Each structure stands twice: as C-alpha cells, then as structure tokens.
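Coordinate analysis (summary)
Listed below, chain by chain, are the residues.
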Amino acid sequence: MGVPITQIPFVGSPEPTLGVEWELALVDRDTRDLTNAAPDLFELIAARGVDRAGQIHKELLSNTVELVTGICHTTGEAMDDLGATLDVVRGLTDEIGVDLYGAGTHPFAEWSAQQLTEGPRYAELISRTQWWGRQMLIWGVHVHVGISHRDKVLPILSSLLKYYPHLLALSASSPMWGGHETGYASNRAMMFQQLPTAGLPFQFEKWAEFEAFAADQMTTGIIDHLNEIRWDIRPSPHLGTIEVRVCDGVSNRQELAGLVALIHCLIVDLDRRLTAGETLPQMAPWLVQENKWRAARYGIDAIIIEDSDCAERLVTEDLAELLVRLEPVAASLGCSAELASVADIVARGVSYNRQHEVFARTGSLRDVVSSVVAELD
C-alpha cells in the first residue's frame, strides 16, 4: 500500500532547479488545420529508437506533443535541452508532412474532429467532463522550480499569485477560437478553468491544510491522483517543485527563455525573502481572480490591482520595475540576458498582438497559423 493521502511527502530540492514542459500542436502543412498525427509521430519515435524519446510526451489529444526537459540549473541549460529535443521532433514531423504550432489555441479548428490519445486516464477525464473536456483545444507551458522544504511551498505559491497577470499577459497567445475573434488575449485561460480542479489555487497557509484538501478530494472521488489537481500554480510534491502553469503556449525559444527566467527569478526571490524571515505579501483571492480576468481579457493593456490596498497600475509599468528589481537575482541564477529579454516581448508585441496584425492584414486564419508556425525556432 502507498502512503496515505493524508500524509503527502514533499521531496525537497536542495537547489532551485528548473524543469520546463512545452506543449505544441500538430498542424497539417497544407490545410493548416489541426491534425491527429501524434500516433504517427510516436510510431516513428519508437521505430527509430530516438535517444530523447523520454523527453517527448503524449497528451490528452492526438493533435499534441509535449517537449520536456530534464532537471536543469539555468534557463540557458533548459533552452538548450528543449532545443535538442525540438530538432529531433521537427525532423520526424517533416517526414509526415506536419508542422509544429506554438500558441494557446488554434484559430479555427473544430473540437469535434479531434481524437483522444488512447489510455484509461484520458478516457476517464472525457467521460467525466463531457462537452467541456472535449473543448480543451488548448496548449500551454509549465515551469517547475525546485523548493528545499515543504513549509516554504504554500507561502511562496500564494505570494506568487501577485504576479499571475504579468505572466499571463506576456504569454497570451489565444485570441481566436472556432473561427472567431474572442475579444480576449488569452481565451485558453478562460477555457481551462472550466475543468474540475482547474483554475486558481486555494491559498492554504499550512501543508496540513493542503493534505486535508487532497484527502477530501480523494475520499469523494473528485481525484484519484494528486496530479489531477490542475491548478494554474500547484505543488508537485514528488518532484520537490512549485509548478507554474499560467502561461499560454509559446511560439519560439527566445520568448520562452524570457518567461522561464522570469518565473525562476520570481520564485527564488520569494524563497530567499522567506528564508530571511520576511512575511511574504499576499492578495485576497477575489483580487487575484480579477487580475487573472483582466490579463486574459486585455493582455499587456491590462490595468491590474497591484496590492492589498487595491492600488491599480498598467501591467507593463509594474513589469518594468519588477525586471529591474530582479536583476540581482537573475545575475545569481545566470539568466540576466534572458530576464532582460522579457522587455523585448512587450516591445515586439505579444503573440496575440501579432496574430491580430496578421489577420487584419490578410483576413486569413490560415495565414495566422502559418505566421505562428514560422516563428518556431
């Protein structure tokens, strides 16, 4: 028998290591629609005996592939790791006439044409969630950062929610859905929270509260495994990390590197402040919820609530000061250049901006897909 769910061991990480999971959609090279080509891809991977096969994962739908790093120490190391896996996958997708697409949603694909990946876990999810589960044509980026002790996890997690809108606004890449403009920078964020156990995390103060929550979830059959708690930011006890799942899908490694560096610096900064005896600032759940909505709706034009006194500010203004404040942390983590590149995302225009520009210029959703595909490097 396993450890009772009321006792969740946290396998602490002695260093603030990194792990990155990058979800990419598979699109047909001619039609630009989603294609259920993952079985063909994984058949090639098995037939070729690909040496990085363990870092190429299946997902819920067979239109998706996920690239996963090993345990890394710096953003640069994580990007090199992903780059090597990306090169392998692109070589194989070229053979089957498929391109890789990095955004939070596809602009015109029909959910009813998508096929489930075989497996009881996925079948059970769809059996339970029905229409909402089948609607999940969404892709994101997940970043793990190592935490040394379980008692640090929940204070850091709750304080990190202050920066939720910054991360979502910078990564927002899902403005279109089912052939229509949604009016949202990140429609993915709004879609995903419809699933049971998804969305914003509860702000527990003590690990025992998280254990009691998980016990209730298990006892009532809401979840069978801890990884079915699909919060936007969650503890990963078996890995010894906090996992940040806020970001939309990302189209290129340069922007991905900036987002990973920002997440790494934010968590390490909060960890160090907590270790130094500081009580980390938190915001009320209703303010966090409002900030999530504002970032999803308006992206980098969002005016966010920045503290518990309800002071408001343009997210890009707050971000500019945040990047300066985190410079010493970035230097200690070897990611100064990557953190500085976050400002370039704003200057260039976030993915949702770029997609809007292509559609305004061409009137073609296929061209929007092609523009996202062309950015992959």
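Let me begin by describing the structure that accompanies this report. These numbers come from a predicted model, not from an experiment.

Our next topic: the pairing of strand 5 (residues 141-146). With 6 of 6 residues buried, strand 5 lies mostly within the body of the structure. Taking every second residue as pointing to the same face, both faces of strand 5 are buried, with Val141, Val143 and Val145 on one and His142, His144 and Gly146 on the other. Bridge count for strand 1 (residues 18-28) against strand 5 is 5 bridges, and the pairing is antiparallel. Residue pairing for strand 5: Gly19 is matched across the bridge by His144. In this sheet, strand 9 (residues 241-244) lies alongside strand 5 in antiparallel orientation, the contact comprising 4 bridges. Following the sheet pairing, Gly146 is matched in strand 9 by Thr241.

Any two side chains of opposite charge can pair, on the condition that their charged atoms come close. Per the stated rule, a full pass over the model turns up 24 salt bridges. Two residues, Asp99 and Arg32, come together in a salt bridge whose shortest N-O distance is 2.6 Å. A residue pair is termed long-range when its members are at least 10 positions apart, and Asp99 in strand 4 (residues 98-101) and Arg32 in the loop between strand 1 and helix 1 (38-48) qualify at 67 residues. Given the relative accessible area of 13%, Asp99 is considered buried. For Arg32, a relative accessible area of 11% gives the class buried. Of the charged contacts in the structure, one is a salt bridge between Arg348 and Glu255, with a shortest N-O distance of 3.2 Å. Of this pair, Arg348 sits in helix 13 (residues 342-348) while Glu255 is found in helix 8 (residues 253-275), placing the two residues 93 residues apart along the sequence. Arg348 sits in the partly exposed class, given a relative accessible area of 44%. One continuous salt-bridge network, built from bridges that share partners, spans Glu306, Arg313, Glu317, Asp318 and Glu321.

Our next topic: the environment of Thr17. Within the secondary structure, Thr17 is located in the segment before strand 1. Residue Thr17 is classed as buried on the basis of its relative accessible area of 13%. For Thr17 and Cys72, which are 55 residues apart along the polypeptide, the C-alpha to C-alpha distance reads 5.7 Å. Among all residues touching Thr17, those that are not within four sequence positions of it are Ile71, Cys72, His73, His144, Val145 and Gly146. Polar side-chain contacts of Thr17 include one of 3.4 Å to the side chain of Ser13.

Attention shifts here to helix 9 (residues 285-298). Helix length check: helix 9 (14 residues) gives 20 Å between terminal C-alpha atoms against 20 Å at 1.5 Å per residue, within 8%. Turning to helix 9, its buried residues number three or more, namely Leu287, Val288, Asn291, Lys292, Arg294, Ala295 and Ala296. The inward-facing, buried residues of helix 9 abut helix 5 (164-171), helix 6 (187-192), strand 10 (303-305) and strand 11 (312-314).

Right, let's get into unusual backbone geometry. Peptide bonds are trans in most cases, and residues, glycine excluded, mostly fall at negative phi. The phi dihedral of Arg32 falls on the positive side, at around 70°, and the residue is not glycine. In this structure, Cys310 is a non-glycine residue whose phi angle is positive, near 70°. As for its placement among the helices and strands, Cys310 is situated in the loop between strand 10 and strand 11.

What follows is about the state of the cysteines. The final tally for this structure, using the stated rule, is 0 disulfides. In this structure Cys265 is a free cysteine whose sulfur lies 3.6 Å from that of Cys335, the closest cysteine sulfur available. The exposure class of Cys335 is buried, given its relative accessible area of 0%.

Burial along strand 9 is two-sided: the face carrying Thr241 and Glu243 and the face carrying Ile242 and Val244 are both buried. The pairing of strand 8 (residues 233-236) with strand 9 spans 4 bridges and is classified as antiparallel. Bridge pairing in strand 9 links Pro235 to Ile242. Where strand 8 folds back onto strand 9 in an antiparallel hairpin, the turn is made up of 4 residues, including Gly240, whose phi is positive at roughly 70°.

Quick look at the nonpolar core now. Among the nonpolar cores identified, the biggest contains 98 residues, and Trp22, Val65, Phe210, Val244, Leu262 and Ile267 are the most heavily contacted of them. If you tally residues by element for this core, the top one is helix 8, at 12 residues. Aside from chain neighbours lying at most four places away, what touches Phe210 is Ile8, Leu154, Phe204, Ile229, Trp231, Pro235 and Pro237. By size, the runner-up hydrophobic cluster in this structure holds 27 residues, among which are Ala25, Ile126, Met176 and Val372.

Within the secondary structure layout, Glu23 lies in strand 1. At 6.7 Å, Arg245 is the nearest oppositely charged side chain to Glu23, a buried residue that forms no salt bridge. One polar contact links the side chain of Glu23 to the main-chain amide nitrogen of Gly140, over a distance of 2.8 Å. Excluding anything up to four places from it in sequence, Glu23 contacts Glu59, Val65, Glu66, Ile138, Trp139, Gly140 and His142.

Procedures and definitions
Residues numbered from 1 in each chain as written. Predicted model: local features only at pLDDT ≥ 70, side-chain atom pairs only at ≥ 80, totals over all residues. Heavy atoms only, no water. Buried < 20%, exposed > 50% of the residue type's maximum accessible area, 1.4 Å probe, protein only. Helix = DSSP H or I, 4+ residues; strand = E, 2+ residues; numbered from the N terminus. Pairing = 2+ DSSP bridges. Salt bridge = Lys/Arg side-chain N within 4 Å of Asp/Glu carboxyl O. Contact = heavy atoms within 4.5 Å. Polar contact = N/O pair within 3.5 Å; in protein donor to acceptor, adjacent residues only side chain to side chain. Expected span 1.5 Å × (residues − 1). Disulfide = S-S within 2.5 Å. Core = buried A, V, L, I, M, F, W, Y, C linked by side-chain atoms within 4.5 Å. Lys, Arg positive; Asp, Glu negative; His and termini not counted.

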